[in-house]
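As a plain string of letters, each chain reads:
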Amino acid sequence: YRFVPTNNTDLTQGKLQALQVSIDGEPVVFHPEGDTLSENQLKLHTLGTSYPVTWVTLHDTAVDGTDPFDANALAKATGATPFKRPENGQFQPGSNFLTFFFDITGDTDANAGNNPELAARGAWGGILRVDYDKSRETGQIGIVVLGDADHSSFDNMTFASRTALLITEDRGDTLHDQLNSLDSIWAYDVRF
C-alpha cells in the first residue's frame, strides 16, 4: 500500500493505493479458489523474471470521504495483487526512491514450505524488488530471494550500505519447533 496526499496542509486527504502486477497482459488478482497454486503465483516467484506494475486506487477521500473502510476488501475488488504476508520494505539508498525492496513472510507452518509446489510460490517467504519509472506510477517487479527452510519468514529489513540488504527472520514458535531453528539475520548483495 501507499498513501498519496492530495492536500499538503491536510495530510488526512488523499488516495490509498495498492500495487498491481500484470503477467502476460493480465493483472495478478485474488481468487478465492485455486489462488495458492496458480500459474501466475509461480511465475511471480520465479527468480530471474520481471513483470510490469502499476498502482490501483482503493480509496480516495475526495470521492469516498473519510469514513472507515476495509482496505483488504477494496484491494481485492480493485484488482490489486495479493502477496504472501508482506512485512517490511526499504528504498535502496542512492536510487532517488525509484528502487524499493519488500519482503513476504510466507507461511508460519513448515507443512506449506515442505510442499514443493507451495515452496516454489513463496511459502517460505521471499524478497521482491520494484524498480519504478521516474513518475513512480509504473515499473517492474521481480523476486530476488526465494525463501527456503534455512532462509525463511523474512520480516524487518534495512540497508547496511547501498548494496548490502540486511533482513531478519520472524519464524514464530511453530516454525522454531518444527525446524529446530531460531531466527537469523541475513545479508544479501542486491547489485544488479
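Please refer to the structure placed before this passage.
A few points on the structure. Per-chain numbering applies: the sequence of each chain, read as written, is numbered from 1 onward. Per-residue local features of the predicted model are confined to residues with pLDDT of at least 70, and side-chain atom pairs are confined, for both listing and counting, to 80 or more; whole-chain, interface and lining totals are unaffected and use all residues. Hydrogens are left out, water is left out, and the side-chain values use all remaining heavy atoms of the structure.

1. Describing the side chain of R121
Link 1 in the chain: Starting at the N terminus, helices and strands are each numbered in turn, a helix being any DSSP run of H or I of at least four residues and a strand any DSSP run of E of at least two. Inspection of the secondary structure assignment puts R121 in the loop between helix 5 (116–119) and strand 7 (126–132).
Link 2 in the chain: Three exposure classes are used, based on accessible area relative to the maximum for each residue type with a 1.4 Å probe and protein chains only: buried under 20%, partly exposed in between, and exposed over 50%. What makes R121 buried here is its relative accessible area of 6%.
Link 3 in the chain: Two N or O atoms count as a polar contact when they lie within 3.5 Å, although within protein this holds only if one can serve as hydrogen donor and the other as acceptor, and sequence-adjacent residues are included solely when both atoms are side-chain atoms. Separated by 2.9 Å, the side chain of R121 and the backbone oxygen of E117 make a polar contact.
Link 4 in the chain: By definition in these notes, contact holds between two residues if any of their heavy atoms fall within 4.5 Å. Leave out the neighbours within four places in its chain, and R121 touches T36, L37, S38, E39, Q41, L42, H45 and K84.

2. Let's talk about unusual backbone geometry
Link 1 in the chain: Phi is positive for D24, which is not a glycine, with a value near 55 degrees.
Link 2 in the chain: Among the structural elements, D24 can be located in the loop between strand 2 (14–23) and strand 3 (26–27).
Link 3 in the chain: Accessibility expressed as a relative area gives 63% for D24, which makes it exposed.

3. Considerations on the nonpolar core
Link 1 in the chain: Among the buried residues, those of types Ala, Val, Leu, Ile, Met, Phe, Trp, Tyr and Cys that are joined through side-chain atoms within 4.5 Å form a nonpolar core. With 17 residues, the main nonpolar core has L19, V21, F83 and I141 as its most contacted residues.
Link 2 in the chain: Broken down by secondary-structure element, the contributors of at least two residues to this core are strand 2, strand 4 (51–60), strand 6 (99–104), strand 7 and strand 8 (138–146).

4. Description of the sheet that holds strand 10 (residues 164–169)
Link 1 in the chain: Reading across from one edge, 9-10-11 is the order of the three strands in this open sheet, with antiparallel pairing throughout. Edge strands, defined here as strands with exactly one partner in the open sheet, are strand 9 (154–159) and strand 11 (185–189). Between one strand axis and the next, the sheet turns by 25 degrees as a mean value, whatever way the strands run.
Link 2 in the chain: Here, any two strands with at least 2 DSSP bridges between them count as paired. Of the pairings in the sheet, the one linking strand 9 to strand 10 comprises four bridges and is antiparallel in character. Within strand 10, the residue paired with F154 across the bridge is E169. Axes, fitted as lines to C-alpha atoms, cover a helix only where it is in contact. Angles between the N-to-C directions of the axes lie from 0 to 180 degrees.

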